[in-house]
Amino acid sequence: MIPIASLWSRAAQHECPLHEPGRSRVLVVEDDLMIGALAAEALDEAGFAVLTAASAEEAEVILAQEAIDVLFTDIDLGGRDGCDLAQRALRAQPGLSVVFASGRSRRCHGDRIPAGAAFLAKPYRLPHLIQELHRAAQGRSFS
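All values reported here derive from a predicted model rather than from experimental measurement.

*Asks:* How do you make sense of the overall build of the protein chain when you look at a structure like this?
*Replies:* A tally of helices and strands in the protein chain yields four helices and five strands. The N-to-C order of helical and strand elements in the protein chain reads β-α-β-α-β-α-β-β-α. Relative to its full complement of 143 residues, the protein chain shows a buried share of 44%. A separation of at least 24 residues holds for 65% of the contacts in the protein chain among residues at least 6 apart in sequence.

Quick look at the structure:
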């Protein structure tokens with residue numbers, strides 16, 4: 001068995017600079033801190049520049065300060081939901097790609113999911129997450 005280092009014992013990662021040439025910038029919004037940390041780590045290792053938020057409100061602060069290529073958000077965030085966050089984010093950054101995740105089916109969310117947004121059913125596999133985010137980031141011009 002391979003030991004898994006605790007996320008709490010790892011050294012803090014450096015801040016994600018605003019512009020990293022060649023790397024798509026992803027904002028991961030997940031209120032379950034462990035799931036968010038695992039997704040962020042997998043995406044970082046896959047070559048994305050990753051920022052994280054634990055709520056829609058925290059994500060909006062980041063979106064006001066940073067240019068993001070892909071918003072990856074859970075729909076059920078506890079407070080304001082990911083669909084509302086995506087609507088606001090798309091108004092602020094119209095070229096943004098959005099990937100949603102939810103433990104409920106896409107049909108449960110009806111027409112609240114914007115056209116063209118990808119959807120991952122939870123629990124998702126990390127390789128599938130990485131594949132969907134690469135797909136969402138395609139065609140974006142890197143700063």
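*Asks:* What is the right way to read the packing of helix α1 (residues 33-45) against helix α4 (residues 126-137) from this model?
*Replies:* Pairs of packed helices are described in terms of their axes, by the angle between the two and the distance that separates them. Relative orientation of the contacting elements α1 and α4 amounts to 60°, with a least axis distance of 10 Å. Put simply, α1 runs oblique to α4. Crossing geometry of α1 relative to α4 is assigned as right-handed. In this structure, α1 contributes Leu38, Ala39, Ala42 and Leu43 to the contact, and α4 contributes Leu126, Leu129, Ile130 and Leu133.

*Asks:* I tried to follow the pairing of strand β3 (residues 70-74) on my own but got confused; where do I start?
*Replies:* Summarising burial for β3: five of the five residues are buried, a large majority. For strand β1 (residues 25-29) and β3, the ladder comprises four bridges, and the chain directions are parallel. Opposite Val28, over in β3, you have Phe72 as the bridge partner. Where β3 and strand β4 (residues 97-102) come together, five bridges link them in parallel fashion. Directly across from Asp74, in β4, lies its bridge partner Ala101.

*Asks:* Explain the nonpolar core to me, please; I cannot follow it from the model alone.
*Replies:* Across soluble globular proteins, you tend to see nonpolar side chains buried next to one another. Core analysis: the largest hydrophobic core is formed by 22 residues, its most contacted members being Leu27, Val29, Leu71, Leu85, Val98, Phe100 and Ile113. Mapped by element, the contributors of at least two residues to this core are β1, β2 (49-53), α2 (56-65), α3 (82-92) and β4. Not counting residues up to four positions away in its chain, the partners in contact with Leu85 are Val29, Ala56, Ala59, Glu60, Leu63, Leu71, Thr73 and Arg80. Val28, Phe48, Ile130 and Ala137 belong to the second largest nonpolar core, which has 20 residues in total.

*Asks:* Sorry, what's going on with the environment of Phe119 here?
*Replies:* Of note, Phe119 is situated in strand β5 (residues 118-121). Phe119 gets classed as buried once you look at its relative accessible area, which sits at 17%. It is 7.9 Å that separates the C-alpha atoms of Phe119 and Ser102, two residues lying 17 residues apart in sequence.

*Asks:* Quick question: what am I supposed to make of the packing of aromatic side chains here?
*Replies:* The description of two aromatic rings rests on the distance between their centres and on the angle between their planes. In this structure the tally under the stated criterion is one aromatic pair. Measuring from ring centre to ring centre gives 5.8 Å for Phe72 and Tyr124, while their planes differ by 75°; the resulting arrangement is edge-to-face. Here Phe72 is found in strand β3, whereas its partner Tyr124 is found in the loop between β5 and α4, with 52 residues between them in sequence. The burial state of Phe72 is the same as that of Tyr124; both residues are buried.

*Asks:* Sorry, what's going on with the confidence of the model for the protein chain here?
*Replies:* Detailed reading of the predicted model is not advised wherever pLDDT is low. Considering every residue of the protein chain, the mean pLDDT works out to 81; 74% of them sit at 70 or more. Note on residues 1-18: pLDDT under 50 across the span, and 13 contacts to partners over four residues away in sequence or across chains.

*Asks:* Which parts of the structure should I look at to understand α2?
*Replies:* Every buried residue of α2 is accounted for by Ala56, Ala59, Ile62 and Leu63. Down the axis of α2, the buried side of the element spans an arc of 115°, and every buried residue falls inside it. Turned more than 90 degrees off the buried face of α2, the exposed positions are Ala64 and Gln65. For α2, the elements touching its buried residues are β1, β2 and α3.

Criteria and thresholds
Residues numbered from 1 in each chain as written. Predicted model: local features only at pLDDT ≥ 70, side-chain atom pairs only at ≥ 80, totals over all residues. Heavy atoms only, no water. Helix = DSSP H or I, 4+ residues; strand = E, 2+ residues; numbered from the N terminus. Buried < 20%, exposed > 50% of the residue type's maximum accessible area, 1.4 Å probe, protein only. Contact = heavy atoms within 4.5 Å. Axes fitted to C-alpha atoms, helices over the stretch in contact; angles between N-to-C directions. Parallel < 35°, antiparallel > 145°, perpendicular 65-115°, else oblique. Left-handed = near helix turned anticlockwise from the far one by under 90°. Pairing = 2+ DSSP bridges. Core = buried A, V, L, I, M, F, W, Y, C linked by side-chain atoms within 4.5 Å. Phe/Tyr/Trp six-rings, centres within 6.5 Å; stacked < 30°, edge-to-face > 60°. pLDDT = per-residue confidence, 0-100. Arc of directions from axis to C-beta.

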